[in-house]
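Fold and contact review
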Amino acid sequence: MENNETTIYSVQLYIYDLSRGMARNLSPIMLGKQLDGIWHTAIVVYGDEFFFGGVGISSCSPGGTMLGSPDTVVELGNTEVTEEIFMDYLASLGESTYRGDKYRLFEHNCNTFTNEVAQFLTGRKIPSYITDLPSEVLSTPFGQILRPILDSIHIAPPGGNVISGRHS
């Protein structure tokens with residue numbers, strides 16, 4: 001009889017506050033509402049950290065970008081998706097939906113990417129306080145004033161290796 005045991009892989013969400021706490025202090029004054037952070041997220045699976053920014057999909061060792069260690073780690077669950085299938089999936093995303101030129105700070109960013117990848121791997125979404133942040137900012141008068149400036153920003157934490165082409 002054949003042994004068809006499936007390997008299970010842990011999936012984590014790394015959450016970084018790009019403002020390093022400044023959003024918590026300044027948002028009530030600037031936006032008229034409390035924001036706890038400006039969130040950058042990444043998926044950690046198969047011993048690597050994967051994220052999306054202005055250069056496309058990148059990977060590094062966990063905590064290996066210039067951002068250092070995450071502020072919070074959320075256990076998203078487990079996956080049976082193999083690393084090979086996952087890398088093919090990322091290569092496909094990197095050639096279409098998540099090319100670097102598709103990055104938009106408010107509509108199509110690192111959090112959009114991690115939310116989609118989390119659902120692919122585990123069936124679970126990332127916390128809504130992260131995915132709701134852009135609409136929270138844009139719902140304020142100051143957010144609307146800042147939008148043209150912020151739309152031109154492409155966040156790509158240094159330290160990652162860009163994933164491009166098909167995984168072989």
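Residues numbered from 1 in each chain as written. Predicted model: local features only at pLDDT ≥ 70, side-chain atom pairs only at ≥ 80, totals over all residues. Heavy atoms only, no water.

A few points about the pairing of strand β2 (residues 39-45)
- Burial runs high along β2: seven of the seven residues are buried.
- Burial of the side chains of β2 extends over both faces: Trp39, Thr41, Ile43 and Val45 are buried on one face and His40, Ala42 and Val44 on the other.
- Here strand β1 (residues 9-17) runs beside β2; their pairing, made up of six bridges, is antiparallel. The partner of Tyr14 across the bridge, within β2, is Ala42.
- Note that β2 and strand β3 (residues 48-53) share three bridges and pair antiparallel. The partner of Val44 across the bridge, within β3, is Glu49. (Buried < 20%, exposed > 50% of the residue type's maximum accessible area, 1.4 Å probe, protein only. Helix = DSSP H or I, 4+ residues; strand = E, 2+ residues; numbered from the N terminus. Pairing = 2+ DSSP bridges.)

Quick notes on helix α3 (residues 110-122)
- Here α3 is 13 residues long and its end C-alpha atoms lie 18 Å apart, about the 18 Å a rise of 1.5 Å per residue gives.
- Every buried residue of α3 is accounted for by Cys110, Asn111, Phe113, Thr114, Asn115, Val117, Ala118 and Leu121.
- The N-terminus of α3 is capped by Asn109, whose side-chain oxygen sits 2.8 Å from the backbone nitrogen of Asn111.
- Once α3 finishes, Gly123 follows within two positions and takes phi at roughly 80°, a positive value. (Expected span 1.5 Å × (residues − 1). Polar contact = N/O pair within 3.5 Å; in protein donor to acceptor, adjacent residues only side chain to side chain.)

Structural notes on the pattern of salt bridges
- One pass over the structure, following the stated rule, counts one salt bridge.
- Across the pair Arg99 and Asp101 runs a salt bridge whose closest N-O atoms are separated by 3.0 Å.
- Judged by its relative accessible area of 32%, Arg99 is partly exposed.
- What makes Asp101 partly exposed here is its relative accessible area of 47%. (Salt bridge = Lys/Arg side-chain N within 4 Å of Asp/Glu carboxyl O.)

The values are spatial; any link to function lies outside them.
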